[in-house]
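Coordinate inspection notes
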Amino acid sequence: QVHLLESGGGLVQAGGSLRLSCAASGRTFSSYGMGWFRQAPGKTLEFVARIRWSGGSTYYADSVKGRFTISRDNAKNTVYLQMNSLKPEDTAVYYCGMRSGVGGNYEYWGQGTQVTVSS
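Residues numbered from 1 in each chain as written. Predicted model: local features only at pLDDT ≥ 70, side-chain atom pairs only at ≥ 80, totals over all residues. Heavy atoms only, no water.

Relative to strand E5 (residues 46-52), strand E4 (residues 33-39) runs antiparallel, the two being bridged by six bridges. Each bridged residue has a counterpart across the sheet, and for Gly35 the counterpart in E5 is Arg50. Linking E4 to E5, which pair antiparallel, is a turn of six residues; within it Gly42 sits at a positive phi near 75°. Sheet topology places E5 next to strand E6 (residues 58-60); three bridges connect them, and they run antiparallel. Across the sheet, Arg50 pairs through a bridge with Tyr59, a residue of E6. Between the end of E5 and the start of E6, which pair antiparallel, lie five residues, with Gly55 showing a positive phi angle near 95°. (Pairing = 2+ DSSP bridges. Helix = DSSP H or I, 4+ residues; strand = E, 2+ residues; numbered from the N terminus.)

So this is what it looks like as structure tokens:
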């Protein structure tokens, strides 16, 4: 089956940068794309960014547009989230998800990685 593993989270001061990675393994050949989501304590899961494996088209939430960049390395089955100009409001657990088709649900999820932005 599919396994997703996030890494790269940590503590950073406001205005700083972090680069998250999500390594995919298992039956990933039919995957349509990947997405990054985040969840702050007491809040619901929030969409951050998504990318298509083929062609690399991207889409961002308005809250991170211009600051975050999602990318992928197909050969490594890995997606990245470059986060610049971080704000305390970005503090959350960041999750990587995989969907098998356009318009479908994110069927597989990683364990999450904590991002904490200090003020």
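So, about the environment of Arg72. Along the polypeptide, Arg72 turns up in strand E7 (residues 68-73). In sequence terms Arg72 and Tyr95 are 23 residues apart; their C-alpha atoms lie 15 Å from each other. Beyond its immediate sequence surroundings of up to four residues, Arg72 is in contact with Ile51, Arg52, Trp53, Gly55, Gly56, Thr78 and Val79. Within the local environment of Arg72, its side chain forms a polar contact with the backbone oxygen of Trp53, the two atoms lying 3.3 Å apart. (Contact = heavy atoms within 4.5 Å. Polar contact = N/O pair within 3.5 Å; in protein donor to acceptor, adjacent residues only side chain to side chain.)

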